[in-house]
Amino acid sequence: MKTCLRLITFKGLAVSPHNSRFHCNGFGDFVSLYSFRSQYLYSTTSTPAPTHFLVKYLVDSLGFSEKEAILASSCKASKNPDLVIDFLIQTGLDKTQMKKMVSTVPKLLFSDVSKTLKPKFQCLMDLGLSGSDLVNVVAKDTKIIESGLDTHMRPTIDLLRRNLGSDENIVKAIKRFPWLLTFGARHIMETNLLLLKNSGVPDVRIKKLVLRNPRCIAKIVPQRFKGLLHRVENEFRVPRDSSSFLYGFQVLTSQKKSMLDRKFGVFKSFGWSDDDILDMFRKLPFCVGLSEVRIQKALNLFMKELGFEPAYLVSHPAILGYSLEKRVVPRMQVLKILDEKKLERRKLALYSVLSIAESKFIECFVLPYKDQIPDLYKPLKKIVAP
């Protein structure tokens, strides 16, 4: 009975009827599970608590289903969850990360460290993940530890290796999107990668896409994935062999049709035709990925204030993507000051002035005038771009 009372009055565990996960009043309460060791799962005597007490504890306090609780209580490791805590601490997880992992996956506490956790962590370390990178990947998506080592984790790594070519690239992709290793991602990736190959997309571009945006490969269901590829080719008329094809695909993955329609409406309000918009998209899809506010501001400046026509911006779409605050306005102000002071300067088209590297701009338009106009450029950047 004393053991039962301990289980019910365990400090810090508060169970909400609306949420099966347990919550703690700060990590200090949570680590009492670690500090007091496993006395809450078995009595202070040498005789283990009856199994039904452990089942009730898992159901009432940690949100297990009865079936999961019965299964967990039958495992030898379930008698000593502090072994798991010890292992996580030794791996390098801090208190916040450990709290997140255990509250997200309570049954982690009852994993077999030697048979389950160590082999999975070792698999990731063999891949090249270590130290803070390893900890961050596991902490960002705790479902990784629920995936089967031989049934999911290793086959997923093999799939990534075939498409990315090296473990170094696999680590880059996983660090960017740890969900790649969770249950279900592999089958989505397999189908989507096959769709890209069957669409004639070269392997080198597929590799770049997976490294740049692994989320779209592993998260978008194949039916929608196929539909987006079709839209890029047929609705936006971007050829499959074009270098812009996958860039256009990525833009569409992040844009609802209603949002795209609104953005097209902004362009049309400045006199752009459908063909103008599609031509720009084929050259630089990124421009359509800009926010409506940013598109509006850019068109106001370049068309209303500077008088550029749609045809010019379609031919030089990158100009729309430059930051107005950090690049466009400060550089234009420098040119204006030089001209007002009637100082001789290099005569370059505005597009060229905006597109050259920062170091080149300073070399051509700032340093030659440092004696006449000290601090010509920095104050402008600070004022316009806080």
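Keep in mind that this is a model prediction, so the values were computed, not measured.

Engineer: Pulling in residues and values, what's your account of the overall build of the protein?
Structural biologist: The helix and strand tally for the protein stands at 26 helices and two strands. Counting across all 386 residues of the protein, residues that qualify as buried make up 47%. A fraction of 70% describes how many contacts in the protein between residues 6 or more apart in sequence connect residues 24 or more apart.

Engineer: Explain the packing of helix 15 (residues 222-235) against helix 16 (residues 245-253) residue by residue, including any values.
Structural biologist: Running from N to C, helix 15 and helix 16 point in directions that differ by 125°, and their axes come no closer than 9 Å. Between helix 15 and helix 16, the crossing angle belongs to the class labelled oblique. The hand of the helix 15/helix 16 crossing is right-handed. Taken together, the residues of helix 16 that come into contact with helix 15 (itself represented by R224, F225, L228, L229, R231, V232 and E233) are F245, G248, F249, L252 and T253. Looking at the contact of helix 15 with helix 16 residue by residue, the classes come out as seven nonpolar, two polar and three charged.

Engineer: Which residues make up the packing of aromatic side chains, and what are the values?
Structural biologist: Applying the stated criterion across every chain yields a total of ten aromatic pairs. Among the aromatic residues, ring-to-ring pairing joins F236, F264 and F281 into one connected group. Above the plane of the ring of W179 lies K219, whose end atom (NZ or CZ) is 3.8 Å from the centre. Over the aromatic face of Y322 sits the side chain of R327, whose NZ or CZ is 4.7 Å from the ring centroid.

Engineer: So what's going on with the environment of I217? Which residues, and what values?
Structural biologist: Position of I217 relative to the elements: it lies in helix 14 (residues 214-219). A relative accessible area of 0% places I217 in the buried class. For the pair I217 and N192, spaced 25 residues apart in sequence, the C-alpha to C-alpha distance is 6.2 Å. Ignoring anything within four residues of it in the chain, the contact list for I217 reads I188, M189, N192, L193, L196, L209, V210 and F225.

Calculation criteria
Residues numbered from 1 in each chain as written. Predicted model: local features only at pLDDT ≥ 70, side-chain atom pairs only at ≥ 80, totals over all residues. Heavy atoms only, no water. Helix = DSSP H or I, 4+ residues; strand = E, 2+ residues; numbered from the N terminus. Buried < 20%, exposed > 50% of the residue type's maximum accessible area, 1.4 Å probe, protein only. Contact = heavy atoms within 4.5 Å. Axes fitted to C-alpha atoms, helices over the stretch in contact; angles between N-to-C directions. Parallel < 35°, antiparallel > 145°, perpendicular 65-115°, else oblique. Left-handed = near helix turned anticlockwise from the far one by under 90°. Nonpolar A, V, L, I, M, F, W, Y, C, P; charged D, E, K, R; others polar. Phe/Tyr/Trp six-rings, centres within 6.5 Å; stacked < 30°, edge-to-face > 60°. Lys NZ or Arg CZ within 6 Å of the ring centre and 35° of its normal.

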